[in-house]
Each structure stands twice: as C-alpha cells, then as structure tokens.
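Overview (structure and organization)
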Amino acid sequence: KGYIYDAKSNDNIDSFYIDVTKAYENCKEAIRKVVHIKPDTIAVIDDLILYAHDSAQLRWHYEGEGKVDDKGHFYIKGKNGICIGYMTEINISHIAYGNERHDEIGCLDRAYQPLTNKIYEYFKIESSDSLRHCFITLFHFSKNGQDLKWSRKGNDFIIKDIKISYKDGIIAYEELDV
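Some words on the pairing of strand β4 (residues 41-62)
In the sheet, strand β3 (residues 27-37) pairs with β4 via 10 bridges, with the strands oriented antiparallel. Bridging across to β4, K33 finds its partner in I45. In textbook terms, the turn of a hairpin is the stretch between consecutive antiparallel strands, and for β3 and β4 this stretch comprises three residues. In the sheet, β4 pairs with strand β9 (residues 119-142) via 17 bridges, with the strands oriented antiparallel. When the sheet's bridge partners are listed, I42 is paired in β9 with F139.

Below, the structure is given as structure tokens:
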C-alpha cells in the first residue's frame, strides 16, 4: 500500500507523488512522481533507494498489441488508439528491456477469491546493481496512429511539440514551436 501526496492541478498539468516503497523488495524508499501534461502526455519517474546494491525492475502491464525495442521505445495499439512510449534508467548504463507475460493461475484477490485465468502482457526494464535507481517512463497517446517516437538528448525527452526535462528529482516541461 502507498499513499498519494502533493497533488496539484491546473489547466495544463496534473501532478502528484506516490510512496510505492512497499511495492519493491529490499527497498528503503521508492517515490513515484507522475506528471500529466494535458491532454495526451504522461511522465512517470520511479526513484528508488535500496538497502543494499541490487538490480531493480519496473513492469508496465498493458492491454492490446504491444512491442518494445532494445532501446526502450515501446508501442501499444489498443481499442481507443495508440500509446507511443519510452522507458529508461537515468543513472545506470546497463539496462535490459523485455516484453513478457504471466497468468493468474493460483493467485487470489484481496478477498481471497481466485482470480480469472487471464494472460497479462507487460514491458519491463531492468537495471544492474546499484543502491539508487531512477526509472523514467514517458507515454504519449494518439487516436490516429501517428508514426511518432520519443527522442532523447541527455535528460531532455521530446515528442511532437513537447520537451520534458528531468534533473535532481524535478520534472519540467515546455511546449516547443514547431
């Protein structure tokens, strides 16, 4: 269980923090920062501090048709459009990406009832041993299937007319003249 704090909203963005420490093993602190740049872009930072050097993994479950490349760019085609995404780890140079699946056989819900036997697919990013991990995942949603891709220069990430920057735990964005 986690808790949400420091939620803010205005005409351009919604943002909040979530303490997700209990979602990770061997974790001293894990804070998820979420920024929704209206109407169709989301930046998520997972900042983890571990008790000991260890690898860390982040999984994003999805429904629809999805694929991820070896550089962290992913694409999901769902019922209502597409999601063009990018995931990376800010501090670590060795990163592995994957597209995997699991089922619910033998699992119980919170009321201790059997879950349906549904197959779930997910993208994952796994980084090498460190005391601190900082995952960034960027999502851009589109109805018409534009052929877009996130570009990266240092800790600046650009798609269409939006630039998202990350430095020292702070997410900033600006609209670019195209």
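Resuming the write-up.
A closer look at the environment of S165
Within the secondary structure layout, S165 lies in strand β12 (residues 162-167). With 22 residues separating them along the chain, S165 and K143 place their C-alpha atoms 25 Å apart. Those residues in contact with S165 that lie beyond four places of it in its chain are N155, D156, I170, I171 and A172. At a separation of 2.7 Å, a polar atom in the side chain of S165 contacts the side chain of D156.

Examining the nonpolar core
In terms of nonpolar packing, the biggest core is built from 22 residues, with Y24, F74 and M87 touching the most fellow members. Counting residues in hydrophobic clusters, the runner-up holds 18 residues, among them I82, I84, C134 and I164.

Conventions used here
- Residues numbered from 1 in each chain as written.
- Predicted model: local features only at pLDDT ≥ 70, side-chain atom pairs only at ≥ 80, totals over all residues.
- Heavy atoms only, no water.
- Pairing = 2+ DSSP bridges.
- Helix = DSSP H or I, 4+ residues; strand = E, 2+ residues; numbered from the N terminus.
- Contact = heavy atoms within 4.5 Å.
- Polar contact = N/O pair within 3.5 Å; in protein donor to acceptor, adjacent residues only side chain to side chain.
- Core = buried A, V, L, I, M, F, W, Y, C linked by side-chain atoms within 4.5 Å.
- Buried < 20%, exposed > 50% of the residue type's maximum accessible area, 1.4 Å probe, protein only.

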